[in-house]
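Fold and contact review
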Amino acid sequence: MPASGRTRRVRRLAGRALSALLGPVPLTRDQALGASERISALTSLVSSAEYLFDRHRHGPSRLNEWAISRDGYAGYGRPLRAVLDLASDRRTATALHAARVAVGSALLLPGRGRWRGAGALFLGVSGTLLYPSLRYGTDGSDQAAIVVQTATGLARISSSPAVKDALMWYVAGQCTLSYLFSGWVKLLGREWRTGDALSGVMRTRTYGHEGVWRLTRRFPRASRLVAHGVLALECLFPVLYARGGALVRPVLGSVLLFHVANGVVMGLGRFLPAFAAMYPMVMYTSAPRSLPATADRDDRLPAVAGLLALGTAAASAAVAAHRRATVLDHPEPGGRVTTRHGNTIAYHGTASADRTDPVVVFVHGLGAIPLHFSWYTRALNEQGRQWLVPGRAGYGASRRGATGPYTLDESVDDLVDLVAGAVPEGRRVVLAGHSLGGEIARRAAAVLGERVHGVVYLDSSHPDQLHRSNQQAENSAKVGGALRTVAVSLRLGMGVLMSTPSWVRSLPDQVRARALTETVDSRVWNAALREWEAVERDFGDFSGPLEPLDAHALVLSAQHTVERDPDHLELHRELAAAHSADRTVRCAVIPGSDHDDLLTDPYHAARAAGLLLDFLAESTGTAPAPTTTEER
């Protein structure tokens, strides 16, 4: 055969291969609906069959016992909780799962009748009722199945092609957003950006695989390439809608292989049918309307959703701007101090010049707000003690004017300057810091010298904790990614979607609204991320020992902190030992408390505040004086 003939043949073969790989998948509405319906039914069939054959996992004293997990629904209405109680009863649950196996099997059969819609809706509704008691181990696969089953059920029942298409667009949008958000959240994590995430995941007990982990260690470049490939695949998932669905086959084929690998290596087998059930609707909605199969498709939902998204974004921006203005409008009594770094530190509370007893200056932790100390300041008011609660630069009404790289020394200097500017000369201070605030208070005490009467450590950080605490070292890798995710989400205006955290609901009534406003301010989380990056550098370089302090000390530990991490109890003892032996030095563990509710839980905070007051009385030897400071 002449060379030119061989060349034409190779080109034809290459063209056929390329056309098989690229281009839209011309599914009709009924074909896409039927395929999604059957694949999703298979997901529920397998899930319920697993339950029926392995019911012992859901008996008493098991992780999935409803008597334990129902506490997470304590805030729901009584009628809904009664329905969930009934659905989670072992006999009712067994009957529902048996019915789901039967209905799932029936939906695998051919047919287009409306009875299929009733069957799909039954799977969706029953899955919703059963999910609260069985969420452990599902990893979101059941949620994906519920979305598909509810949409396909409603589409089967409806006789309107426009309604069917709207529901199919909804499922396709859910699929696209699931991959897109998953990818961008991964992108915020340093391990995914460096390509080390795959090796890290393979080391975990829950999802790890020793053989694959060894391969990632043996072939690190290939491991990083795979991690970056997963990141690119998820972040760029929406490209399958470009150019009339030209890339739908390679993109969906790649994510399908991704789920197959996850099922084999990580045990996430349910993800394969759960998410694959969405693919037919993605194929249907990504194909151009110039094809006969999709010529009558109704595409109004994406346009309406886009307009709603723009309106929501505008409303979110307006709400965020209003909240920012509220946060920056500092409440009284209080004031502001400009520090040597150009930072403006706003504080709440008073310190009058006609008194001589120590002023308690609270120092909040990383990612916390001054209002975390509300129960403490209320207790101090009742005993006539004066106090100040400043916010570090970037928190609340405090602003960062420094232009250089942030270090912990900047916050230490700011605290020293705050004491100099807000506490009258001649009055000493007690620095009370929680978490990272405890370490900042310790360093500031060393600088302030005789102006410091004492230091109170509230479940404090220790500069050597990343070296000596395995738990702290392991958790440190996750903190930065979590802070970055929250900061980016709030900058995008998603604060309006944030529900009120339980710790805010535990604060005194009069401060809850402002506490929520400050918490959803992205500046707080930007500052927290900035501080955390400095903590990793600073604590990583610490070589000890702690600098001795000639001041009284009270070291309070949360019981759950020291129980989960015994190394931290030893670190807390070292904080106490760094203070002079001839001073009042007391240590205590607050029973039943954890790191955060040591401040926010009324009961635990009252216990800790009582110990603080006792410490003040013992170390000063004087009774408290009355005050008119505004109660918080």
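The paragraphs below set out a description of the structure included in this document.

The rules we used
- Residues numbered from 1 in each chain as written.
- Predicted model: local features only at pLDDT ≥ 70, side-chain atom pairs only at ≥ 80, totals over all residues.
- Heavy atoms only, no water.
- Helix = DSSP H or I, 4+ residues; strand = E, 2+ residues; numbered from the N terminus.
- Buried < 20%, exposed > 50% of the residue type's maximum accessible area, 1.4 Å probe, protein only.
- Contact = heavy atoms within 4.5 Å.
- Areas by Shrake-Rupley, 256 points an atom, 1.4 Å probe, with all protein chains shown as cover.
- Core = buried A, V, L, I, M, F, W, Y, C linked by side-chain atoms within 4.5 Å.
- 1 Å grid on protein atoms, 1.4 Å probe; cavity = no way out; pocket = protein on both sides within 12 Å on 5 of 7 lines; lining within 4 Å.
- Points joined across faces, edges and corners; volume = space filled by probe spheres on them.
- Nonpolar A, V, L, I, M, F, W, Y, C, P; charged D, E, K, R; others polar.
- Pairing = 2+ DSSP bridges.
- Axes fitted to C-alpha atoms, helices over the stretch in contact; angles between N-to-C directions.
- Parallel < 35°, antiparallel > 145°, perpendicular 65-115°, else oblique.
- Left-handed = near helix turned anticlockwise from the far one by under 90°.
- Expected span 1.5 Å × (residues − 1).
- Right-handed = clockwise from strand over helix to strand, strands pointing away.
- Patch = residues over 30% accessible without salt bridge, like charges linked within 9 Å, V, L, I, M, F, W, Y side chains within 5 Å.
- Salt bridge = Lys/Arg side-chain N within 4 Å of Asp/Glu carboxyl O.

Time to look at the overall build of the protein chain. For the protein chain, the count of helices and strands is 28 helices and eight strands. In the protein chain, buried positions account for 48% of the 632 residues. Look at the contacts in the protein chain between residues 6 or more apart in sequence, and 77% of them connect residues 24 or more apart. For the protein chain, the accessible surface area stands at approximately 29,600 Å², while carbon and sulfur atoms represent 59% of it.

This paragraph deals with the nonpolar core. Grouped together as the largest cluster of nonpolar side chains are 86 residues, with contacts concentrated most on F362, Y376, L431 and L612. Broken down by element, the residue count for this core peaks at nine residues, all from helix α24 (residues 522-540). If we ignore the near neighbours within four places in the chain, the residues touching L612 are F362, Y376, L380, V456 and L554.

Now for the layout of surface pockets. Empty space within the largest pocket amounts to approximately 1,800 Å³. Around the largest pocket sit 47 residues that line it, and W192, A197, G200, V201 and M266 are the ones nearest its centre. The set of elements that each furnish at least two residues to the lining of the largest pocket consists of α8 (161-188), α9 (190-194), α10 (197-203), α11 (210-218), α12 (220-235), α13 (248-266), α14 (271-276) and α21 (470-491). At eight residues, α21 tops the list of elements feeding residues into the lining of the largest pocket. Broken down by class, the residue content of the lining of the largest pocket amounts to 22 nonpolar, 15 polar and ten charged. The computed volume of the second largest pocket comes to approximately 1,000 Å³. Every element with two or more residues in the lining of the second largest pocket is listed here: α21, α24 and α25 (559-564). The dominant element in the lining of the second largest pocket, judged by the number of residues it contributes, is α21, at eight residues. When the residues that make up the lining of the second largest pocket are grouped by side-chain class, the tally is 13 nonpolar, 17 polar and four charged.

Judged by pairing direction, the sheet is mixed, and its eight strands sit side by side in the order β1-β2-β4-β3-β5-β6-β7-β8 without closing on themselves. If you trace the sheet from one side to the other, it starts and ends with β1 (334-338) and β8 (585-590), each paired once. On average, adjacent strands in this sheet sit at an angle of 20° to one another, irrespective of strand direction. Two strands pair when backbone bridges link them, and strand β3 (residues 359-363) and strand β4 (residues 387-390) are joined in this way by two bridges, in the parallel orientation. Bridge pairing in β4 links V360 to W387.

With that settled, the discussion passes to the packing of helix α2 (residues 29-53) against helix α15 (residues 279-286). At a minimum axis distance of 8 Å, the contact between α2 and α15 shows a crossing angle of 160°. What the angle tells us is that α2 and α15 run roughly antiparallel. At the point where α2 passes α15, the crossing takes the left-handed sense. In this structure, α2 uses R29, A32, L33, A35, S36 and I39 to contact α15, whose residues at the interface are P280, M281 and Y284. When its residues are assigned to classes, the contact of α2 with α15 shows seven nonpolar, one polar and one charged.

Before going further, it helps to spend a moment on the environment of L252. Position of L252 among the secondary structure elements: in helix α13. Owing to a relative accessible area of 4%, L252 belongs among the buried residues under this scheme. Each C-alpha atom of the pair L252 and A276 lies 8.8 Å from the other, and the pair is 24 residues apart in sequence. Once residues within four sequence positions are removed from consideration, L252 is found in contact with F237, L240, Y279, V282 and M283.

With that out of the way, let us pick up empty space enclosed by the protein. By the definition in use, this model includes one cavity of 30 Å³ or more. Volume-wise, the largest cavity comes out at about 110 Å³. What lines the largest cavity is a set of 13 residues, among which P390, G391, R392, S411 and L415 lie closest to the centre. Of all elements in the fold, only β3 and α18 (408-422) reach the threshold of two or more residues within the lining of the largest cavity. Of the residues forming the lining of the largest cavity, the biggest block, four residues, is contributed by α18.

Here we take up α24. When the terminal C-alpha atoms of α24 are compared, their 27 Å separation across 19 residues agrees well with the 27 Å that a helix rising 1.5 Å per residue should span. Listing the buried residues of α24 in full gives S522, R523, V524, W525, A527, A528, L529, E531, W532, A534, V535 and F539.

With that settled, the discussion passes to the side chain of T294. For T294, the location among the structural elements is in the loop between α15 and α16 (300-328). Excluding residues within four positions of it along the chain, T294 makes contact with L27, Y284, A287, P288 and R289.

Looking at where S133 falls in the secondary structure, it is placed in helix α6 (residues 115-134). On the basis of relative accessible area, S133 is assigned to the buried category, the value being 6%. The spacing of S133 and S88 is 45 residues in sequence and 6.3 Å in space, taken between C-alpha atoms.

Burial of β3 is extensive: five of the five residues sit out of reach of the surface. The alternating pattern of β3 places V359, V361 and V363 and V360 and F362 on opposite faces, both of which are buried. In the sheet, β3 pairs with strand β5 (residues 429-434) via five bridges, with the strands oriented parallel. Pairing of V360 across the sheet is with V430, part of β5. Once the chain exits β3 it traverses helix α17 (residues 374-382) before rejoining the sheet at β4, and the crossover so formed is right-handed.

Taken together, L21, L22, L236, V239 and L247 make up a surface patch of nonpolar side chains, about 380 Å² in accessible area. Relative to the helices and strands, L247 is located in the loop between α12 and α13.

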